[in-house]
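So the chains spell out like this:
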Amino acid sequence: MDKWAVGVFASIDAGLGVSLEVACDLGITTVQLHTPHRNSRTPEKAKEFLAKLADYGMTITAVFCGFEGESYESIKITAETVGLVPPLSRAARLVESKEIADFAKLLGVDAIGSHIGFVPHDTHSAEYKDVTAAVRDLCEHLKKNGQRLHLETGQESVEGLLGFIHAVDTDNLFINFDPANLILYGIGDPLGALKKVGKYVRSVHCKDATATKGTPGVDWGAEVPFGAGEVNAEAFLRTLKEIGYDGPLTIEREIPQEPARQKTEIGQAVHLIHSIKAKLL
Ligand code: MG
């Protein structure tokens, strides 16, 4: 794969991403795939998807977990519903995460992405130990598949994130760095954070946002097209160069309810990334 291959967050039959057809129209060659519905995660469907991807000349760089019942409606509801942290759904979602990983293996994909949720802050609590154990269990399963787990950044401070990676203590746990999420969740300066976690970054989202005018950490900021927010697209790519990142640059624009606008704005992001690449590479 080329250095900084441009990609997009895409879906086959579900989720937040654009369709493969749209990605193909935009000349994109790599995708992170939002996990397909359970009934699509079969060896036959995997073959079908791979044939379709080959037709489009595309490679899947990661499969992202998503679960029934997750909602990003507000920061509070996100904390209550997303990922492996909510205790009531944890066991079932852990099983499903492993099924998603096995399906990703059928697709020849060696990275699973996951927004595991809001890791508890008290590192001595039973809750923290339980979440750590669940993620370790998942990583051990992935290891047997020759896969890595990429944690989606967002709601954790740098210290919290690094502490969690050390607590899980496996050699296949890494980071999918999404600079916009740090702004959306009110964590703060994404590029400073990127420098500190650099050695763990194995995939990124090119996404942008503006900070909330309300209370950071309580009220959402706003997601905006890549290059139009507070991330500073050029500085982001410059920092990626500094930390030695040469994996794909995956554009994420989460407005599936407005497909025409989504396509236009992703097209503009592709153009922007190519122009910055031309300067920096
Ligand atoms: Mg993201």
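Predicted model only: the values in this text are computed from it and were never measured. (Residues numbered from 1 in each chain as written. Predicted model: local features only at pLDDT ≥ 70, side-chain atom pairs only at ≥ 80, totals over all residues. Heavy atoms only, no water.)

So, the nonpolar core
Counting 80 residues, the largest nonpolar core has Phe177 and Phe236 as its most contacted members. Looking at which element gives the most residues to this core, the answer is helix 5 (residues 126–144), with seven residues. With near-sequence residues (within four places) excluded, Phe177 lies in contact with Thr153, Leu182, Pro190, Ala193, Leu194, Val197, Val201, Ser203, Val204, His205 and Phe236. (Core = buried A, V, L, I, M, F, W, Y, C linked by side-chain atoms within 4.5 Å. Buried < 20%, exposed > 50% of the residue type's maximum accessible area, 1.4 Å probe, protein only. Helix = DSSP H or I, 4+ residues; strand = E, 2+ residues; numbered from the N terminus. Contact = heavy atoms within 4.5 Å.)

A few points about the coordination of the magnesium ion
Each angle at a metal carrying four tetrahedral donors should ideally be 109.5 degrees, and each at a metal carrying six octahedral donors should ideally be 90 or 180 degrees. For the magnesium ion, every protein donor is listed as Glu152 (OE), Asp178 (OD), His205 (ND1) and Glu252 (OE), and the spread of their distances is 2.0 to 2.2 Å. The sequence pattern formed by the donor residues of the magnesium ion is E-x25-D-x26-H-x46-E. In this pair, His205 is assigned in strand 8 (residues 201–206) and Glu252 in the loop between strand 11 (249–251) and helix 10 (259–280), connecting sequence segments 47 residues apart. Assigned by exposure class, His205 and Glu252 land together as buried. (Donors = N, O, S within 2.8 Å, 3.2 Å for Na, K, Ca; no water.)

Focus on the environment of Val18
Relative to the helices and strands, Val18 is located in strand 2 (residues 18–19). Looking at Val18, the relative accessible area reads 4%, which means it is buried. Separated by 195 residues in sequence, Val18 and Lys213 have C-alpha atoms that sit 29 Å apart.

Here we look at the pairing of strand 7 (residues 173–177)
In terms of burial, strand 7 is largely enclosed, as five of its five residues are buried. Neither face of strand 7 is exposed, since Leu173, Ile175 and Phe177 on one face and Phe174 and Asn176 on the opposite face are all buried. Summarising the sheet, strand 6 (residues 148–152) and strand 7 pair through four bridges and their orientation is parallel. Paired with Leu149 across the bridge in strand 7 is Leu173. (Pairing = 2+ DSSP bridges.)

Description of the packing of helix 6 (residues 158–168) against helix 8 (residues 190–197)
It is at 10 Å that the axes of helix 6 and helix 8 come closest, and there the two elements cross at 25 degrees. Considered as vectors, helix 6 and helix 8 are oriented roughly parallel to each other. The handedness of the crossing between helix 6 and helix 8 is right-handed. Along the contact surface, helix 6 presents Val158, Glu159, Leu161 and Leu162, while helix 8 presents Ala193, Lys196 and Val197. Here the contact of helix 6 with helix 8 is built from residues that sort into five nonpolar, no polar and two charged. (Axes fitted to C-alpha atoms, helices over the stretch in contact; angles between N-to-C directions. Parallel < 35°, antiparallel > 145°, perpendicular 65-115°, else oblique. Left-handed = near helix turned anticlockwise from the far one by under 90°. Nonpolar A, V, L, I, M, F, W, Y, C, P; charged D, E, K, R; others polar.)

None of the figures reported here should be taken as evidence of function without further support.
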